[in-house]
Amino acid sequence: MTIKEPGIYHIYNRGNNQQQIFFSEENYFYFLRKCHQYLKPISDILAWCLMPNHFHFLILANEESLQPAKSGGIIMPALTNGFRLLLSSYAKGINTEQQRTGNLFQQKTKSKLVSDEPFYAATAFHYIHYNPCEAGLAEKPEDWPYSSLQDYLGKRNGQLCNKEKAFTLLGVSENEFTADYNFPSDVMKKIH
């Protein structure tokens, strides 16, 4: 995962060989607790969505996110290390629970800097929340319980997202959350 400068990043990964990564409701909660532990202290999470075989985050990487972190003999940005710790600790727990071995996630977590292109960050924000509908898991985005949209709609008092920064940086408003959102096709090609 490449984080080189401050900005808003769309970060995502999926199960190795597109396999399932969440097997129960408790698995989703376990992953979110790990996000609170490894990501929230070093970044501003603007949006997230956990799907049965992949996840998406929209994260504001700040100066703290870019601080050098050492793992063995490798030095990397703190946010990269945070995702490394999140995924490895989650995979270890799931492998134990599911009595499996091997990689749970694909080797490389993807990151795209989205704050440097017009509309990309706001489109990614909405795309992340609409992802369960595209996958046929929910009829409406607000029906999917494993995304930050529940927090933005006031249906849950989640503490993972920095909603104030999302409103300010992305120019989104609360009345957009349940409206049908038209994704600009040129931007959508870059999100997938």
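Residues numbered from 1 in each chain as written. Predicted model: local features only at pLDDT ≥ 70, side-chain atom pairs only at ≥ 80, totals over all residues. Heavy atoms only, no water.

Q: Run through the packing of aromatic side chains, naming residues and quoting values.
A: This structure, assessed with the given rule, holds 16 aromatic pairs. Taking the centre distance of 5.5 Å and the plane angle of 65° together, the rings of Phe55 and Phe57 count as edge-to-face. Judged on exposure class, the residue Phe55 and its partner Phe57 are both buried. Taken together through their ring pairs, the aromatic side chains of Phe22, Tyr28, Tyr30, Phe31, Phe55, Phe57, Phe83, Tyr90, Phe105, Trp144 and Tyr146 make up a single cluster. (Phe/Tyr/Trp six-rings, centres within 6.5 Å; stacked < 30°, edge-to-face > 60°. Buried < 20%, exposed > 50% of the residue type's maximum accessible area, 1.4 Å probe, protein only.)

Q: Would you mind going over the pattern of salt bridges in detail, with residue names and values included?
A: For the coordinates displayed, the defined rule picks out 3 salt bridges. The partner of Glu26 in a salt bridge is Arg33, and the shortest N-O contact between them spans 2.6 Å. Accessibility expressed as a relative area gives 40% for Glu26, which makes it partly exposed. The residue Asp151 makes a salt bridge to Arg156 at a minimum N-O spacing of 2.8 Å. Residue classification places Asp151 among the buried residues on the basis of a relative accessible area of 3%. Exposure remark for Arg156: the relative accessible area of 30% places this residue in the partly exposed category. (Salt bridge = Lys/Arg side-chain N within 4 Å of Asp/Glu carboxyl O.)

Q: Describe the side chain of Ser43, with residues and values.
A: Inspection of the secondary structure assignment puts Ser43 in the loop between helix 1 (25-38) and strand 2 (44-51). At a separation of 2.9 Å, a polar atom in the side chain of Ser43 contacts the main-chain carbonyl oxygen of Leu39. When neighbours within four sequence positions are excluded, Ser43 is seen to be in contact with Ile59, Leu60, Asn62, Ser65 and Leu79. (Helix = DSSP H or I, 4+ residues; strand = E, 2+ residues; numbered from the N terminus. Polar contact = N/O pair within 3.5 Å; in protein donor to acceptor, adjacent residues only side chain to side chain. Contact = heavy atoms within 4.5 Å.)

Q: Explain unusual backbone geometry to me, and be specific about the residues and the numbers.
A: Positioned with a positive phi, Asn17 is a non-glycine residue whose angle comes to about 55°. If you trace the backbone, Asn17 turns up in the loop between strand 1 (7-14) and helix 1. Judged by relative accessible area, Asn17 falls into the exposed class, the value being 69%. In this structure, Gln18 is a non-glycine residue whose phi angle is positive, near 60°. Take Gln18: it is sitting in the loop between strand 1 and helix 1.

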